[in-house]
Amino acid sequence: MAKLKDLALREERLIGGHRLCPGCGHSIVIRQILRTVENPVVIANATGCLEVCTTVFPYSAWKTPWIHSAFENAAATVSGIEAMYRALKRRGKIKPEKEIKFMAIGGDGGTYDIGLQSLSGAMERGHNMVYVCNDNEAYMNTGGQRSSATPYGAYTTTTPVGKIKKGKQQFRKDLTQIMVSHNIPYVAQTSPARWKDLTDKAKKAFDVEGPAFLNVLSVCPTDWKIPTSMGLRITQLAHDTCFWPLYEVENGRYKINYKPKKKLPIEEWLKPQGRFKHLFQPENRDIIAMLQEDVDRKWEELNRLATYESSTA
Amino acid sequence: MGKRVVMTGNETVAEAVRQINPDVIAAYPITPSTAVVEYISQYIADGLIDTEFVTAESEHSALSACIGAAVGGGRVVNATSGQGLALMWEMLYIASAMRLPIILAVINRALSGPINIHGDHSDTMGARDCGWIQLYSEDCQEVYDNILQAVRISEHIDVRIPVIVALDGFITSHAIETLETEGDEDVRRFIGDYIPLNSILDIKNIVTYGAIDFQDYYFEHKRHQLEGLHKSAEVIKSVGKEFGKTFGREYGFFEGYRLDDAEYAIVVMNSAGGTVKTVIDDLRDKGRKVGLLKLRIFRPFPAIGIAEALKTKKVVAVLDRTSSAGAQGGPLFNEIRSALYNEPTRPKAVNYIYGLGGKDLTAEHIRGVYEALERIDKSRKIDRLVDYLNLRE
Ligand SMILES: Cc1ncc(C[n+]2csc(CCOP(=O)(O)OP(=O)(O)O)c2C)c(N)n1
Ligand code: SF4
Ligand SMILES: [Mg+2]
């Protein structure tokens, strides 16, 4: 697998000058992923922060072919591009020097919620694409409303903290598991906090024949209410508390890629983030206990399913 | 040379698609258009065509995939009806704004609710402002001819606009008719090779599609798009002529049937045209000066030609196979009346809503309309500007 130095020397395909907030995880994730592929990559990007901030007409930060058409259909859009690629190649109308790779990008809103159907359809049809979900656990582009990826108890503008309700009242959807159930060749959960984990998984995802899905925890300093410089350090806490386990499922085989030396209590992940501040008031401590229980149960389950293979950088 | 064949409307669509042999089809089944995707699937299974078929999981995704395929630089076809077109609505605007030549056969179906599977024009009329060209077809022959011309129109360098070819659900889609189809080679020669433009698969010339336009560009880009749609009229006309020269069936924006010297005219689209023609022949035998303007192109709306053709009539009835809730009559009526408004002399105009949810329109109803037009002419009075045909009140 590639060395950091080599990856850093690869040509940049998402360049600076875009309007993402300082410290936004999205550009870190996508730049790291794109560095792992030497082939041309054609991208369809769902509506969301990444899309809006990188292509304000007449500018574009993309040095790779890119399309945004709508919010819920990145996977369907790539389905069409990839089908056209196969048709034109078969008919001898294009003769690419290197195989073109296809990638769809959506936020958690564009993937867990409004785009779930088109994602599911594309994966079931078996298109050759890597779907990357930039999961920042809410609808950030519209100012931070809840999604089905928002954790229990989190403050969002549609799950505010009030006298009666204390943030989101539901647990998050486990999309990674849903994707595993599609029986596609490669599914992984990762984050930019561990560059090697992310880039190794991206490379595998691009290498498999058929669909691959990467669920990437992508920090949003603005709406997680954290300092812009702390994003990746806080993301690491999601791994150390086992809130966001790093694992992959290759042709049905589960592998955990990171086990913290000492599994930290969930408070460590919650504490630095403004969106969980209210949970530390004495009357809301039971919510933290519930979150801990949930994490423990899922971590145990995952350990039952998986073997361990470190991707430690 | 062409040959005479017997086909349903759906089979006709599929046959035209077989001859086009598009690079990609993405579609989702819905009554009454389902047979189209079934025929095409069979052609692919039998190796008659080598099109990539994206069997999308919804119409929204089907059109999204068509958009993806079209930016990939090849020929793209889709077919749908009613709810399917409604579900595509968001993507219709995006396809036309990206100037993508996509062919969409719409087998007209009434929009829910209540749910209904039969043909009216509420689906395509609901999509009338989406920036697509809309061609309407009276019978299987026109379906076939329109689809072949749609390829040339949409791909023309001055146009690059997606095209809807509409035909009436069941009445045309499921009825068996005789028509003339052309040889595969002749069709291929007529449609020509697809010329890719700004392909997203051209990795040497990197493109960004679908950037965000704020207040400083959106309006200007929209204006370009509107201009392009209006200019497509010239191409529609020249392709219609060339089609006539090549295959012997010429097309314009509309067909006038015994219209030139008519005093009373009916305006319709799609299959009702046939019914009206029968009645006209009958009434003409009795010495009545009646005629028909059967509109083929609803978008871009050929207002000038229509005004020219209708301004000397005494009374005109526009028949809408859709209601435009809360408006002063149907969309066709509003367009026609507006086209006539600035003419120094102009006929009186009334509107009939008919055939919603597949309700029959018979020769008797058309006869009644012509009688009403004569009455209006004599009395110089319009009792009901908007009326309904064959409706229990
Ligand atoms: C059909 C539709 N519904 C709603 C919206 C409004 N909208 C745009 S982006 C967005 C949220 C994006 O959230 P997510 O996918 O998580 O991406 P993020 O901005 O958080 O990266 C919403 C609700 C839209 N553009 N289209
Ligand atoms: S709001 Fe969050 S996701 Fe959006 S650009 Fe800013 S940091 Fe990134
Ligand atoms: Mg989000």
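For clarity, every value in this text was computed on a predicted model and none was experimentally measured.

About the criteria used
- Residues numbered from 1 in each chain as written.
- Chains lettered and ligands numbered in written order.
- Predicted model: local features only at pLDDT ≥ 70, side-chain atom pairs only at ≥ 80, totals over all residues.
- Heavy atoms only, no water.
- Helix = DSSP H or I, 4+ residues; strand = E, 2+ residues; numbered from the N terminus.
- Rg over C-alpha atoms; globule rule 2.2 N^0.38 Å.
- Buried < 20%, exposed > 50% of the residue type's maximum accessible area, 1.4 Å probe, protein only.
- Contact = heavy atoms within 4.5 Å.
- Areas by Shrake-Rupley, 256 points an atom, 1.4 Å probe, with all protein chains shown as cover.
- Lys, Arg positive; Asp, Glu negative; His and termini not counted.
- Charge placed at Lys NZ, Arg CZ, Asp CG, Glu CD.
- Near = heavy atom within 4 Å.
- Polar contact = N/O pair within 3.5 Å; in protein donor to acceptor, adjacent residues only side chain to side chain.
- Nonpolar A, V, L, I, M, F, W, Y, C, P; charged D, E, K, R; others polar.
- Pairing = 2+ DSSP bridges.
- Axes fitted to C-alpha atoms, helices over the stretch in contact; angles between N-to-C directions.
- Donors = N, O, S within 2.8 Å, 3.2 Å for Na, K, Ca; no water.
- Domains from an automatic or database assignment.
- Buried area = accessible area lost by both parts, 1.4 Å probe.
- Salt bridge = Lys/Arg side-chain N within 4 Å of Asp/Glu carboxyl O.
- Parallel < 35°, antiparallel > 145°, perpendicular 65-115°, else oblique.
- Left-handed = near helix turned anticlockwise from the far one by under 90°.
- Right-handed = clockwise from strand over helix to strand, strands pointing away.

A. Region of the structure containing the overall build of chain A. Within chain A one finds twelve helices and nine strands. Against the compact-globule benchmark of 20 Å for 313 residues, chain A has a radius of gyration of 19 Å, which places it among compact chains. Across its three principal axes, chain A shows a C-alpha extent of roughly 70 × 45 × 40 Å. The proportion of buried residues among the 313 residues of chain A is 59%. In chain A, the proportion of contacts linking residues at least 24 apart, taken out of those at least 6 apart, comes to 70%. As presented, chain A carries roughly 12600 Å² of accessible surface, and 53% of it is formed by carbon and sulfur atoms. Side-chain charges in chain A split into 44 positive and 33 negative, and the spacing between the mean points of these groups amounts to 3 Å.

B. How the structure looks around the site of ligand 1. Around ligand 1 sit 18 residues, and of these H26, C49, D108, G109 and G110 of chain A come closest. Chain contributions to the surroundings of ligand 1 come from chains A and B. Between ligand 1 and H26 of chain A, the relevant distance is 2.7 Å, taken from an oxygen atom to a side-chain nitrogen or oxygen of the residue. Against a free-state accessible area of 590 Å², the protein chains account for coverage of 77% of ligand 1. Its residues placed into classes, the shell around ligand 1 shows six nonpolar, nine polar and three charged.

C. Quick peek at the sheet that holds strand β3 (residues 52–55) of chain B. Residues and elements named next belong to chain B. Pairing within the open sheet is mixed, and its seven strands lie in the order β3-β2-β4-β5-β7-β6-β13. Of all the strands in the sheet, the pair left with one neighbour each is β3 and β13 (297–299). Across the sheet, the mean angle separating the axes of adjacent strands is 20° when strand polarity is ignored. The pairing of strand β4 (residues 76–80) with strand β5 (residues 102–108) spans five bridges and is parallel. Along β5, the bridge assignment pairs T80 with V106. Across the sheet, helix α2 (residues 34–45) lies against β2 (24–27), β3, β4 and β5, angled at about 135° from β3, the strand it touches most.

D. Spotlight on the environment of L217 of chain A. Residues and elements named next belong to chain A. Inspection of the secondary structure puts L217 in strand β6 (residues 212–217). Among the residues examined, L217 registers a relative accessible area of 0% and is labelled buried. Separated by 87 residues in sequence, L217 and R304 place their C-alpha atoms 23 Å apart. Those residues in contact with L217 that lie beyond four places of it in its chain are D135, E137, T190, S191, P192, W224, T235, A238, W244 and W269.

E. Structural view of unusual backbone geometry. Note that the residue after F57 of chain A, namely P58 of chain A, is joined by a cis bond; omega there is 10°. Here P58 of chain A shows up in the loop between α3 (49–54) and β2 (66–67). For the bond running from R299 of chain B to P300 of chain B, omega is -5°, close enough to zero to count as cis. Relative to the assigned elements, P300 of chain B resides in the loop between β13 and α10 (303–310). Unlike most non-glycine residues, E137 of chain A shows phi in positive territory, near 70°. Along the chain, E137 of chain A turns up in the loop between β4 (130–135) and α7 (175–180). Residue E137 of chain A is classed as buried on the basis of its relative accessible area, which comes to 1%.

F. Spotlight on the site of ligand 2. Lining the immediate surroundings of ligand 2 are L20, C21, C24, H26, C49, N136, M140, C220, P221 and T222 of chain A. Tallied by class, residues from the shell around ligand 2 come to seven nonpolar, three polar and no charged.

G. Geometry of the environment of L14 of chain A. Residue and element names in this part refer to chain A. Tracing the backbone through its elements, the reader meets L14 in the loop between α1 (4–9) and α2 (25–35). L14 sits in the buried class, given a relative accessible area of 1%. Distance in space between the C-alpha atoms of L14 and R86 is 26 Å, their sequence separation being 72 residues. Residue contacts for L14: discarding those within four places in its chain leaves S27, I30, R31, L50, T54, A61 and W62.

H. Molecular detail of the coordination of the magnesium ion (ligand 3). Residues and elements named next belong to chain A. Each protein donor to the magnesium ion (ligand 3) is listed here as D108 (OD), N136 (OD1) and A138 (O); together their distances run 2.0 to 2.1 Å. Each donor residue of the magnesium ion (ligand 3) lies on one chain, and together they are spaced D-x27-N-x1-A. Placement of the pair is D108 in helix α5 (residues 108–113) and N136 in the loop between β4 and α7, with a sequence separation of 28 residues. The residues D108 and N136 share a single accessibility class, namely buried.

I. Broad picture of the domain arrangement of chain B. Residues and elements named next belong to chain B. On domain assignment, one finds that chain B holds domain 1 (3–247) and domain 2 (254–388). Each of domain 1 and domain 2 has a C-alpha centre, and the two are 28 Å apart. Listed by partner, the interface residues are 31 residues for domain 1 and 24 residues for domain 2. Taking both partners together, domain 1 and domain 2 bury about 2100 Å²; carbon and sulfur atoms supply 52% of that area. The tally of links between domain 1 and domain 2 comes to four salt bridges. Between K277 and E138 there is a salt bridge; the shortest N-O distance is 2.8 Å. Put simply, domain 1 and domain 2 have 20 residue pairs in polar contact (both at pLDDT 80 or more) between them.

J. Main features of the pattern of salt bridges. Residue and element names in this part refer to chain B. Summed over the entire model, instances satisfying the criterion amount to 58 salt bridges over all chains. Of the charged contacts in the structure, one is a salt bridge between E180 and R4, with a shortest N-O distance of 3.4 Å. Within this pair, whereas E180 is found in strand β8 (residues 176–181), its partner R4 is found in strand β1 (residues 3–8), the two being separated by 176 residues in sequence. Using a relative accessible area of 23% as the deciding quantity, one classes E180 as partly exposed.

K. Seen up close, the packing of helix α1 (residues 9–20) of chain B against α2 of chain B. All names here are of chain B. Where α1 contacts α2, the axes come no closer than 8 Å and their chain directions differ by 40°. As the angle between them shows, α1 and α2 are arranged oblique. Note on packing geometry: the crossing formed by α1 with α2 is right-handed. The segment α1 lies against α2, with N10, E11, V13, A14, E15, V17 and R18 engaging A35, V36, Y39, I40 and Y43. Considered class by class, the residues forming the contact of α1 with α2 number eight nonpolar, one polar and three charged.

L. The side chain of T235 of chain A, seen in detail. Residues and elements named next belong to chain A. Its place among the elements puts T235 in helix α10 (residues 231–240). A polar atom in the side chain of T235 sits 2.7 Å from the backbone oxygen of G231. Once residues within four sequence positions are removed from consideration, T235 is found in contact with S191, A193, L217, V219, W224 and W269.

M. Examining the pairing of strand β6 (residues 133–136) of chain B more closely. All names here are of chain B. Burial of the side chains of β6 extends over both faces: I133 and L135 are buried on one face and Q134 and Y136 on the other. Note: β6 against strand β7 (residues 163–168), four bridges, orientation parallel. Its bridge partner lying in β7, Q134 is registered against I164. With respect to chirality, the unit in which β6 leads through helix α6 (residues 140–155) into the neighbouring parallel β7 is right-handed. Sheet analysis places β6 next to β13, joined by two bridges and oriented antiparallel. Counterpart to L135 in the pairing with β13 is I297.

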